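Structural features, examined
Chain by chain, the residues:
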Amino acid sequence: MRKWFWGFLFIAFGFVCSIAAERNPRTERISGSAGDVLEDDPVGRLKVYVYELPSKYNKKILQKDPRCLSHMFAAEIYMHRFLLSSPVRTLNPEEADWFYTPIYATCDLTPTGLPLPFKSPRMVRSAIQLISSSWPYWNRTEGADHFFVVPHDFGACFHYQEEKAIERGILPILQRATLVQTFGQRNHVCLNEGSITIPPYAPPQKMQARQIPLDTPRSIFVYFRGLFYDVNNDPEGGYYARGARAAVWENFKNNPLFDISTEHPTTYYEDMQRAIFCLCPLGWAPWSPRLVEAVVFGCIPVIIADDIVLPFADAIPWEEIGVFVAEEDVPKLDTILTSIPPEVILRKQRLLANPSMKRAMLFPQPALPGDAFHQILNGLARKLPHQKSIYLKPGEKILNWTAGPVGDLKPW
Amino acid sequence: MKLSALQQSYLGRRSNSFRSSGPLDSSSDGAFKSPAAGFWLVLHGLSCLISLLLGFRFSRLVFLLLSTSSTYTSPFHSPTELAKTLDIRSVIPADPVGNVPLPFPNKTATNSRVVVGRHGIRIRPWPHPNPVEVMKAHRIIERVQTEQRLQFGVKDPRKIIVVTPTYVRTFQSLHLTGVMHSLMLVPYDLVWIVVEAGGVSNETASLIAKSGLRTIHVGFNQRMPNSWDGRHKLETKMRLRGLRIVREKKLDGIVIFADDSNMHSMELFDEIQNVKWFGAVSVGILASSANIDETVVEKRGEEENPRMPVQGPACNVSNMLAGWHTFNTLPFAGKTAVYIDDRATVLPRKLEWSGFILNSSLLWKDGDKPEWMKDIDTLDGDIESPLDLVKDPSVVEPLGSCGRRVLLWWLRVEARADSKFPPRWIIDPPLEITVPSKRTPWPDTPPELPSHEKPVIRIQEPIIKRTTKTRTSRSKRRSKRKHDETRTDRGTTGFDKTLQN
């Protein structure tokens, strides 16, 4: 009698499961430890204290140039706004696990909209001097339980030229803090162990507004729009993108399968939704908003950047979603892409269609569960609890406050 | 060895002096470590001066020449990567654009394979598409699109039954090939019922056999009359004959009427899968006229954008069928074509058959079908519009986002009734007669010749008078034929020249 009962229960369970699976529109769950992590909820797992800095570090800068809200470095501003109203925020610094300094270091823009990082080290220095003198928490750990959002080209190296950035290295006073940055390259000076890599900011409303019907057939094989030669800064080629973008152009400009050009079409987003592969090569820095756009529009990203560390690499299995091509293999790109078996391509498209994947790349306002803000908090929560060794004995100093170029020591 | 020392001194300078001044100091101590390096430094300075004069980096040219003579593994890869890359050496050419050696690896990035600085641009020897790979890519695209259709397209697509009335005439091949290719692209199951006036002919049969579709080719024992009115009536009868075939064979699917001169978009076939019983789509009318009348042109000039007239269902605000858009024949009153080869506007009927879609089960004798559908056996072929098939026109479902999307276009273009064409458009045996063309690419005949022909001109005068109208084309006529055929030509050119003088 019992057996019948359990058998019936089993059948009913299987029936319910199959119905639930049927309703799911053939997206694939990123299964395993990596995928489930995307849906973790950080609320209750950590507490963040937001320092009250004078508005010359944040609001006044934004007022001077509101373009900072829409360029690809806008994550620092939106992170601040998110934390101010988030349930993980605590007003009691004693119970906080992490401390956040709201400083908009990437908001000094040229007339064409590119951020100049020359004043950022001084700004950060002055902010840290302020918080270390007004609150005891910095000196307690010399910043090891603080985090900063530095979305600039080479993170906290604060320069747009790679050679200069490597020379400078990460700002010495930020060496112990956790850096939340877009730049990520293995074995690079500007990527600390334990940094959290985030995607660059891409405007979510604009992308949602330009969606085309899902049954529009994907007829473009490879799609790319952008510069191949940076004529202003590197006229002969070879420096920009380590020659990889130029190699893509020279090898595939005559190939009709490759829809690549330097134009700025108005249908850029729509075209990405009609493409199977979207190239995401490095530029002056290895990261680019193309990755975010490709993921949101379901186009398989082809990442051409050696040793790159992709956003939320510990939560998103990028190897299964994108195609990685070494820079030296660029001449063989067409062979590589056409030799991928169709089942693998379909699987990648199913993984990309997963809505939690798309949400994890975006910074929507107001924040949604599972979006990039929550992934950052998840990343911070995964680093808890802090090791006892980060707490310094009183009077002990590890950081050298006077290290770095002389220009950085000037007050801001 | 010397080459590498020079490289190192040069490269040391490059990495330290990216867009900044004062390079010489840093590299000078490196240079003096080896005695020959001093000489190379002087040589390098000399090449720098030359570059200043010439305007490009002269030393690069020297390196290019030197490195092509030596083995070319050194330019690209640091020694650690040599072993790995030896096998793909053949892919990378000897001298790509910008072949400059890698700079000295940066001291600060210890384990990094990625080196900062100038890199070469790798170009393969034949940077053109490989046809095998192109085919593979197309198969991938097809597979992805099939998957898309499965996921987001129509679920459980039904078979499409296409009814086409046709008859043998000059333009039949033109029109039928167009329809045939459209049907061949349809991704669903298809049955093509071709009803031919005048009986089954080899002409039509050979045409539709090329399609590879499942076809049912039947003949209709009446010849197609020469007037548009008569043609329309006969076509209606032929369509009913096609519908009777559907009933006899109990074909299951969606019935559409594809007239052979219409143009169909692929979205039409996706949209008709949504029909339940009896649907209608909007048809764009391309009522062209061979001789555009002036009054018509004026009227069109008044409007900003002369809009294409559209026939089809009209919906109200709540997307329910409210009426019908039909073709306004008033502007064309009295100027329409009556006979098939008239050079006047050909008008459609009030509602064209091609805009209506039926569920095939409406045509079966038995089976559950709505009671508003008339039995086609009871009709005698004197029905004016497809709406006469139903008792109540309000049951028609408007398709294509309620008639807002135009999914097919109606056109009637026919050749003259007496025009001949080779059967099956095969010219057999090949032509032997060559006819001089009006314009040939050979240059003008030399000018002395017309003076000899002057007496001929006088004889030819009456002919020339007649041809003054088309003088421009004739003056350009040149041919290389000798004697008689050309005498008139040369005569006319001579005449023109004398006129101009």
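One structure accompanies this document, and this report is about it. Numbering of residues starts from 1 in each chain and follows the order in which that chain's sequence is written. Starting at A for chains and at 1 for ligands, labels are handed out in the order in which the entities are written. Reporting of local features is limited, given that this is a predicted model, to residues whose pLDDT is at least 70; pairs of side-chain atoms are given and counted only at 80 or more, and all residues count toward the totals for whole chains, interfaces and linings. Side-chain measures were taken over the full set of non-hydrogen atoms in the model, leaving aside hydrogen atoms and water.

A separate point is the pattern of salt bridges. Salt bridges are identified by distance alone: a Lys or Arg side-chain nitrogen within 4 Å of an Asp or Glu carboxyl oxygen. Scanning the entire structure with this criterion turns up 28 salt bridges over all chains. The salt bridge partner of A:Arg67 is A:Asp65, with a shortest N-O separation of 3.1 Å. Whether a residue is buried, partly exposed or exposed follows from its accessible area with a 1.4 Å probe, protein chains only, as a fraction of its type maximum: under 20%, in between, or over 50%, in that order. By relative accessible area, which is 13% here, A:Asp65 ends up buried. Here B:Glu235 and B:Arg231 are joined by a salt bridge, their closest N and O atoms 2.9 Å apart. Residue B:Glu235 and its partner B:Arg231 are located together in helix H9 (residues 228-249), separated by four residues, close to a single helical turn. B:Arg231 matches B:Glu235 in its accessibility class, with the two residues each being buried. Through salt bridges that share partners, B:Arg169, B:Arg231, B:Glu235, B:Arg239, B:Asp259, B:Asp260, B:Arg412 and B:Glu414 make up one connected network. Labels follow the DSSP assignment, with helices taken as runs of H or I lasting at least four residues and strands as runs of E lasting at least two, numbered in each case from the N terminus.

Now for unusual backbone geometry. The peptide bond linking A:Gln365 to A:Pro366 adopts the cis configuration, its omega dihedral lying at -5°. Relative to the helices and strands, A:Pro366 is located in the loop between helix H15 (355-360) and helix H16 (372-382). A cis amide bond, omega -5°, links A:Leu384 with the succeeding residue A:Pro385. Along the polypeptide, A:Pro385 turns up in the segment after H16. Located in the positive-phi region is A:Asn187, a residue other than glycine, with phi close to 55°. For B:Asp156, which is not glycine, the phi dihedral falls at a positive 55°.

As a further point, take the sheet that holds strand E6 (residues 278-280) of chain B. Residues and elements named next belong to chain B. When DSSP finds at least two bridges between two strands, those strands are taken to pair. Taken in spatial order, the seven strands make up an open sheet running E3-E2-E1-E4-E10-E6-E11, and their pairing is mixed. The strands lining the two open edges of the sheet, one partner per strand, are strand E3 (214-220) and strand E11 (397-398). Across two bridges, the pairing between E6 and E11 is parallel. Looking at E11, one finds that Gly-279 is bridged to Glu-397. Two residues qualify as a contact provided that any one of their heavy atoms is within 4.5 Å of a heavy atom in the partner residue. Axes here mean lines fitted to C-alpha atoms, for a helix over just the part in contact, with angles spanning 0 to 180 degrees between N-to-C directions. Along the sheet face, H9 touches strand E1 (160-166), strand E2 (190-197), E3 and strand E4 (254-257) and points at about 140° away from the line of E2.

With 45 residues of chain B at the contact, the number on the chain A side is 52 residues. Two parts lose some accessible area (1.4 Å probe) when they are put together, and adding that loss for both gives the buried area. The contact between chain B and chain A buries some 4,400 Å² in all, and 58% of this surface belongs to carbon and sulfur atoms. Three residues stand out in chain B for area buried against chain A, namely B:Ile121, B:Arg122 and B:Ile140, and they jointly supply 13% of the buried area on that side. Any N or O atom pair separated by 3.5 Å or less is treated as a polar contact, with the protein-specific requirement of one donor-capable and one acceptor-capable atom, and with residues adjacent in sequence counted only for side-chain atom pairs. The tally of links between chain B and chain A comes to ten residue pairs in polar contact (both at pLDDT 80 or more). Elements with a contribution of two residues or more to the side of chain B that touches chain A: helix H5 (79-85) and helix H6 (131-152) of chain B. Broken down by element, the side of chain B that touches chain A gets its largest block of residues, 14 residues, from H6(B). Three residue categories are used. Nonpolar comprises Ala, Val, Leu, Ile, Met, Phe, Trp, Tyr, Cys and Pro, charged comprises Asp, Glu, Lys and Arg, and polar comprises the others, including Gly. For the side of chain B that touches chain A, a count of residues per class yields 16 nonpolar, 15 polar and 14 charged.

Another aspect to go through is the environment of B:Leu408. Residues and elements named next belong to chain B. Its place among the elements puts Leu-408 in strand E12 (residues 406-410). Taking the relative accessible area as the measure of exposure, Leu-408 reaches 0% and is therefore buried. Taking C-alpha positions, Leu-408 is 4.5 Å from His-264, a pair spaced 144 residues apart along the chain. Residues in contact with Leu-408, not counting those within four places in the same chain, are Asn-262, Met-263, His-264, Leu-268, Val-281, Ser-282, Val-283, Gly-284 and Ser-354.

Moving on, we get to the pairing of E3(B). Put simply, side chains in a regular strand alternate between the two faces of the sheet. Residue and element names in this part refer to chain B. Pairing analysis gives seven bridges linking E2 to E3, with the strands arranged parallel. The residue bridging Val-195 from the neighbouring strand is Val-218, located in E3. Between the parallel pair E2 and E3, the chain is carried across by helix H8 (residues 202-209), and the sense of this crossover is right-handed. When the strands point away from the viewer, a crossover counts as right-handed if the path from the first strand over the helix to the second runs clockwise.

On to the state of the cysteines, then. Cysteine sulfur atoms that pair up within 2.5 Å are treated as a disulfide. Following the criterion strictly, the structure yields four disulfides over all chains and no others. Sulfur-sulfur distance for the disulfide between A:Cys68 and A:Cys107 comes to 1.8 Å. Between A:Cys68 and A:Cys107 the sulfur-sulfur dihedral comes to about 110°; the bridge is accordingly right-handed. In this pair, A:Cys68 sits in the loop between helix H3 (59-64) and helix H4 (75-84) while A:Cys107 sits in the loop between strand E2 (98-100) and helix H5 (120-134), placing the two residues 39 residues apart along the sequence. Residue class for A:Cys68 comes out buried when judged on its relative accessible area of 0%. Paired through a disulfide, B:Cys315 and B:Cys402 show a sulfur-sulfur distance of 1.7 Å. Here B:Cys315 and B:Cys402 share a disulfide; its torsion about the S-S bond, -95°, makes the bridge left-handed. On the criterion of sequence distance, the pair formed by B:Cys315 in strand E8 (residues 310-315) and B:Cys402 in helix H12 (residues 400-403) is long-range, its members being 87 residues apart. What makes B:Cys315 partly exposed here is its relative accessible area of 23%. When its relative accessible area of 10% is taken as the criterion, B:Cys402 is described as buried.

Quick look at the side chain of A:Asn255 now. Structurally, A:Asn255 can be placed in the loop between helix H9 (244-252) and strand E7 (258-261). Residues in contact with A:Asn255, not counting those within four places in the same chain, are A:Asp334 and B:Pro129.

So, to be careful, I would describe these as geometric facts and stop short of saying anything about function.
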